[in-house]
Amino acid sequence: MAKNKKDTTANKIEPDQDPGASHTPSSFATDCLDALRLAVGREREDATPYDRYLALATAIRGRQLDAWLDTEARRRDASAKRVHYLSLEFLVGRSLQNAVLNLGLEGEARVGINALGMVLEDVYEEEHDAALGNGGLGRLAACFLDALATQGYPAVGHGIRYEYGMFRQEIRDGVQLERPDNWLYRGNPWETPRPDERVAVGFGGHVEYHTGDDGRLQVVWSPATTVWAVPHITLVPGWRNGVSNPLVLWDAASSDDFNLGYFNDGDYIRAVEDKAHDETISKVLYPGDANAAGKALRLKQQYFFVAASLARILNEHLTEEGALDTLPERVAIHLNDTHPVVAIPELMRLLLDEHGFGWEAAWDISTRTFAYTNHTLMPEALERWDVGLFGGLLPRHLELCYEINRRFLREVSQRWPRDGERLARMSIFEGGEGDKRIRMANLALVGSHSVNGVAALHSELLRRDLFRDFHELWPSKLRNITNGVTQRRWLRQANPALATLITEAIGERWLTDLEALTELVPHAEDAAFRETWSGIKRLNAHVLAEYVSDRIQVDIDPASLFDVQVKRIHEYKRQLMNVLRVLAQYLRIKDDPNGDWTPRTVLLAGKAAPGYWAAKEIIRLTNDVARFINADPATNGLLKLAFIPDYGVSLAERIFPASDLSEQISTAGTEASGTGNMKFALNGALTIGTLDGANIEIAEAVGARNLFIFGLSEPEVRELRVAGYRPRDHVESNAEIRRVLDLVISGAISDGDASRYSALMDNLLDWDPYLVLADFASYSDAQDEAGRCFSDSERWTRMAILNVAHMGRFSSDRSVREYAEGVWGIAPLEV
Ligand code: 26Q
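Residues numbered from 1 in each chain as written. Predicted model: local features only at pLDDT ≥ 70, side-chain atom pairs only at ≥ 80, totals over all residues. Heavy atoms only, no water.

Q: Looking at this model, I keep getting lost on the sheet that holds strand β25 (residues 708-709). Mind explaining?
A: As a general point, the strands of a sheet are linked pairwise by backbone hydrogen bonds and lie either parallel or antiparallel. Ordered by their spatial adjacency, six strands build an open sheet running β22-β21-β20-β23-β24-β25, and the pairing between neighbours is parallel. Each edge of the sheet is formed by a strand with only one pairing partner; in this case those strands are β22 (639-643) and β25. Alignment of strand β21 (residues 600-605) against β22, held across five bridges, turns out to be parallel. Paired with L604 across the bridge in β22 is F643. The sheet contacts of helix α23 (residues 575-591) involve β20 (561-566), β21, β22 and β23 (661-664), and relative to β21 the element is tilted by about 155 degrees. Across the face of the sheet, helix α33 (residues 793-805) comes into contact with β23, β24 (686-689) and β25 while running at roughly 85 degrees to β24. (Pairing = 2+ DSSP bridges. Helix = DSSP H or I, 4+ residues; strand = E, 2+ residues; numbered from the N terminus. Contact = heavy atoms within 4.5 Å. Axes fitted to C-alpha atoms, helices over the stretch in contact; angles between N-to-C directions.)

Q: Hey, could you run me through the nonpolar core in this one?
A: For soluble globular proteins, nonpolar side chains are generally found buried alongside one another. In this structure, F304, I502, W510 and W824 are the most contacted members of the largest nonpolar core, which totals 243 residues. In contact with W824, other than residues within four places in its own chain, are K81, V83, Y85, L148, A332, H334, V816 and Y819. With 22 residues, the next largest nonpolar core counts L56, L96, I113 and W190 among its residues. (Core = buried A, V, L, I, M, F, W, Y, C linked by side-chain atoms within 4.5 Å. Buried < 20%, exposed > 50% of the residue type's maximum accessible area, 1.4 Å probe, protein only.)

Q: I tried to follow the side chain of N578 on my own but got confused; where do I start?
A: Relative to the elements of secondary structure, N578 occurs in helix α23. Judged by relative accessible area, which is 0%, N578 ranks as buried. Leave out the neighbours within four places in its chain, and N578 touches Q565, V602, L604, E663, I665 and Y779.

Q: Please clarify how the sheet that holds strand β16 (residues 429-430) should be interpreted in this entry.
A: On the basis of which strands lie adjacent, the open sheet formed by three strands has the order β15-β17-β16 and antiparallel pairing. In this open sheet, the two strands that pair with only one neighbour each are β15 (384-386) and β16. Along the sheet, helix α17 (residues 440-447) contacts β15 and β17 (437-439); its crossing angle with β17, the most-contacted strand, is approximately 45 degrees.

Q: Mind showing me how you'd approach the site of the ligand here?
A: Near the ligand there are 20 residues, and of these G288, D289, H375, E671 and G674 occur at the shortest range. The side chain of N483 places a nitrogen or oxygen atom 2.9 Å from an oxygen atom of the ligand. Between an oxygen atom of the ligand and a side-chain N or O atom of E671, the distance comes to 2.7 Å. Burial of the ligand by the surrounding chains reaches 93%, relative to a free accessible area of 620 Å². Among the elements that make up the shell around the ligand, the one with the highest residue count is helix α7 (residues 136-150) (three residues). Of the residues in the shell around the ligand, the class split is six nonpolar, nine polar and five charged. (Near = heavy atom within 4 Å. Polar contact = N/O pair within 3.5 Å; in protein donor to acceptor, adjacent residues only side chain to side chain. Areas by Shrake-Rupley, 256 points an atom, 1.4 Å probe, with all protein chains shown as cover. Nonpolar A, V, L, I, M, F, W, Y, C, P; charged D, E, K, R; others polar.)

In short, geometric facts, not functional conclusions.
Structure follows, in structure tokens:
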């Protein structure tokens, strides 16, 4: 830290003297005040709340840089192996509170900020979320970085510094509107640009073949254009351990040094336009999280950050080791879904064309370096690049993919001679004659030494269906590593009151060893403990109710059952089933206004991909139903529905602590894992869910008595589909469903517009691809059970405590340890 600067400035700026308390400013408070003048350029009296945020963040960044230098020195001294996590998404959210807590600076920061006449929590609110991800996959990457640093694993994240993150969602007349997320407009105090470490990334052009002096074939790729990738380093602090790991986010910058053609031709404006075009590569995050539409810009983004990351990784390795044949001993590279899988041909290209390795040696190095995680079973989400598009942008990589495939299929046909169908299924290429595509998942399987799914059921289905042939060929390559979430953000930070209660009861070991939560089990029987617990829950509900009231002018009762579904909007996640069931309950209350109803508030939030028609219809339907129900005085105290706009990490941090019931209701066999399910349960919400993804493991951990499982299991779903599913049968046999659908179709919920949801309803009645109608009755029964259970508040709270007590397995610390030991072969740095 800049110790030399303090002497010259300390006399000018000192913290306010709190008349009561006398104190010498802590070194941290001094750093903040220094930052206010030296980095923000503001006098204390003139500082806006945002200036204070900047000053705090800047002071903290200094400490993180210091810790990073230490961590790096320790890693180099130990020659420790390191993992590089390649991901197109890191859904980090805010950083200030996380850094304050992880560095153990809360007390000092609070005193310092109070002295400036502000409350620390209000300063936190000044920060804009870093929304560089769509949902689960991106947030998982962020939880993993936290867990890696906390356990002292040497690790680097690599991704894109999108200028616009996940779009902001506005709701107008019930309809989703997408607004740009200009998150960098006030700057970003967390990042350190390293322009000197920029990397040139080429696109297009052609490939030439020469014979070298030694008689060997020399392949030369001459790209048509070249773009600079400029690294921006953001540091990820571990929990109170002095470790800081880098997240390297690449920014695209035009390379006038390369594209001099137009300048030389005198077409200045055209040349500058082209510069701007190059910079679009890192402009915006693609917001579609399950439909792999094969857009050229998306492929450019993928290659751009992969090429830059690999260049940096190899460069560091060469500096430290002098040769690349030891790469797999010092470097593990993880591929977060297929999005960065072009790294496989890129590493081959570097080894073959730039470093003179032969194929066998290069392939051996490459496959020992890469590991891949699959996050989805849904066929429409699997990436398949058109070879014309791919070859136009990456001609050398296309050749390498063909050669990888040729050698791979030779191996397959040796094992299974004359099995053409198998070869076609396993090939990295599909189709032909003008419609040929590269299957990125197959490329990932062939080019990695380890492939994993993200929950037990998901991994089992990968082995059984999607990757069946590969599993037969390489039985030990496929494994399961169940996802996890970081308890530091999702309990300690998001729910400080509950975290404090837990720490008072069992000590603070749970912060770094979540299994310690089992020590809560006896406390579930302690009435006073339960009382405090449910008091905290109500307080959190109050805070959320206030937010909802401010934000969408819907008044909700903090004492009612908060029944919450927050996640991306998707047909397979079945928000539609939830909303239809709310209507069913509404009708029941109307029929029997004096019945013994448990007052309930149903909350939904989540974004729909901008081009996903059905998902946007579901949002509109939710808002229409909410308006309809909330306006009816007859059901007012008993049932409310609200759609909270613009779901993201910071909103999630408010919602989980206030929730009673966690909706995890996907069709069995569709949700790879889910991680929101873990965040809810960690905060004491009970799950109503199907036997899908990690719900199954949560149910095993907390016990069947402590959650509400309903619906068809995966084998039953498969059986029903094979037998031929007829959605209308379920309407005919269930009068309640009929009434609900009639109500929607009547237009009563949509200002008399009877046609508004006809397409959505026809789709449900004719196809119902996710079996909403088949599971409806079972879901409705489970909801009734949950409602009854909630009215026995002692029992409910006991169940909530037991849920938290059994969440130990769902820490990202455990997930990351399994990757470290089973996949990456890395060990924590010695303390
Ligand atoms: C692909 C191509 C083009 C544009 C976008 C995409 C794209 C982007 C994001 C495809 C998929 C995603 C994100 C997927 C995702 O978040 N999957 C979720 O991953 C979680 C972590 O493993 C799981 O818990 C969820 O079950 C899974 O849905």
